[in-house]
Structure formats: structure tokens, C-alpha cells
Amino acid sequence: MTQHISPYHAPDFYTDALAKGRHRDIVGGRWDETGRIQMSLMLDAGLQPDHHFLDIGAGSLRLGCKAALYLNPGHYWATDLSGALLKRGYVTEITDKSRLNPDHLIEDANFTFPGVPDTITHALAFAVFTHLPANHLRRALIQTRARFPHLQKLLFTVFLAPDAAQSLLPVKQPDGVVTHDTRAPYHMLADDVLHLTRASGFDVDQHQTRLPRGQVLFIASPA
């Protein structure tokens, strides 16, 4: 059996899920609860309506349906591995479509952010790197730092292993999810996350509050 980077990279994953109407389920469930938590994180980080926000790995707009209403029109941008999932979210979850231009929803598999303007001031990658190996985090950090000269804060989440020895084994997270070092869902070491972030040109803080599924929040600012 072929092992993909994550379930999201399996052939026809999105086609099958969208055909079954599962655009909410496949982004992790707890739709409204998690969306409210995401929005709260951004408000706590200082997001204001006139800021320009990038939702990295936005999926079916669990956060976007809230953030697009809060931000000034045209100030919300979203990227995801699946353009089809973004479009489904736009059609089904955005209640006031005058607040969000569908051209702001961009398929992006490699964190190159094609078409996203350099005006972005705040960005969030929630439950993105929980499903990707550490080299993807490095790529995203480097390219985010290079692409957005006006960036003030980047928030992202990961799963952590308690120490190096246990990182080689499956780890049961506080919320019950079992994570791994070589297959999804992935965990990392806090020291590695901090090192990668600083090496990519950021100052970074690790927050102790555990988020849904046991994720850990990191807040990075350009150094």
C-alpha cells in the first residue's frame, strides 16, 4: 500500500469527500467551535478590520466564514492544497458574498502563495503542519518571510512530542489523537520548531494553551 504524506494527498480524496458533502468533516470536525477558536486567536494577536489577513490551509473556510465578515471587504485571502474545497466553502459557507472575492481563494500546494499580494499583515496556518513533515514547515516559514514584507504576525500550530526519545514512538496527545514522527498526523519537538522558525527570520513564542486535538500554538514575528 502506498503511503502518502497525508490523507489529503491521496488521489481522489477531495473528489470523493466533496461528492459526499463532507466539506466540513474533512477539515477536522468541530466546525463552529474550532472556527470560533481560530477567530479568537487572531483577535488576541491584534487583528483589526483594516489589516490584510492570509488564511493558510483554509480548507472549506471554517475560519473564513467568520474572518471575511470581520475584515474590511477584500482584506481576506485564503490558500489551500485543494482549490475545489475552497470553492465549496465559498458557495456553502459565505453568507455575504460581497465581503469575499472568490479570486482571493487560491490553490497552493507548495506555500508559494501565487497571486497573494505583499500587503498581508497577519497570517494563520491552523492544523496545517500537523499533517505535514517538518520540511514543509521550513518551506512555509522561509517563503512566508520572503513574500510578505508587511507581515506583523504569523500564527501556526503543530503537535509536539515530549522529548527526543519519545518522538520516535507514537504519542497520545492530550485530546486523544495519536501522532507519529514519520506519518500523519505528525509531531515535532518544540526545540526543532523554535529553531526552524528563528532560522527563517522570525522571533517566536510557544504558547502553553492546548488547542483542539492537543495542538500547540506558536506566534512568530519578523525578527
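Going by the structure above, here's the rest.
Figured I'd write up the structure that's included with this text. All residue numbers refer to positions counted from 1 along the written sequence of the respective chain. Note on the predicted model: pLDDT of at least 70 is required for a residue's local features to be given, and 80 or more for side-chain atom pairs to be given and counted; whole-chain, interface and lining totals, by contrast, use all residues. By convention in this description, side-chain values take in all heavy atoms of the structure and omit both hydrogens and water.

A word on the overall build of the protein chain
Our working rule: Where helices and strands are cited, they refer to DSSP runs of H or I of at least four residues and of E of at least two residues respectively, numbered from the N terminus. This radius of gyration counts C-alpha atoms alone. The globule rule is 2.2 Å times how many residues there are, raised to the power 0.38. We get accessible surface area from the Shrake-Rupley algorithm with a probe of 1.4 Å; when it comes to residues, only the shown protein chains can shield them. Residues scored as positive are Lys and Arg, those scored as negative are Asp and Glu, and His as well as the terminal groups of each chain are ignored. Every charge is mapped to an atom, namely NZ of Lys, CZ of Arg, CG of Asp or CD of Glu.
When you go through the protein chain residue by residue, the secondary structure sums to seven helices and 10 strands. Relative to a compact globule of 223 residues, whose C-alpha radius of gyration would be 17 Å, the protein chain shows 17 Å and is just as compact. For the C-alpha atoms alone, the extent of the protein chain along its principal axes is close to 50 × 45 × 30 Å. Only carbon and sulfur atoms are counted for the fraction: they give 51% of the accessible area of the protein chain, which is about 10300 Å². Across the protein chain, the centroid of the 21 positively charged side chains sits 3 Å from that of the 22 negatively charged ones.

Quick notes on the packing of aromatic side chains
Quick reminder of the rule: Working definition: a ring pair exists when centres of Phe, Tyr or Trp rings (six-membered ring for Trp) sit within 6.5 Å. Plane angles under 30 degrees give stacked, over 60 give edge-to-face, the rest tilted. When accessible area is computed with a 1.4 Å probe and restricted to protein chains, residues below 20% of their type maximum are described as buried, those above 50% as exposed, and intermediate ones as partly exposed.
Taken as a whole, this structure holds eight aromatic pairs when the rule is applied. Where tyrosine 8 meets phenylalanine 13, the ring centres are 5.2 Å apart and the plane angle is 80 degrees; that geometry is what we call edge-to-face. The exposure class assigned to tyrosine 8 is partly exposed, which follows from its relative accessible area of 21%. For phenylalanine 13, a relative accessible area of 21% puts it in the partly exposed group. Pairwise contacts between aromatic rings join Phe111, Phe129, Phe156 and Phe218 into one cluster.

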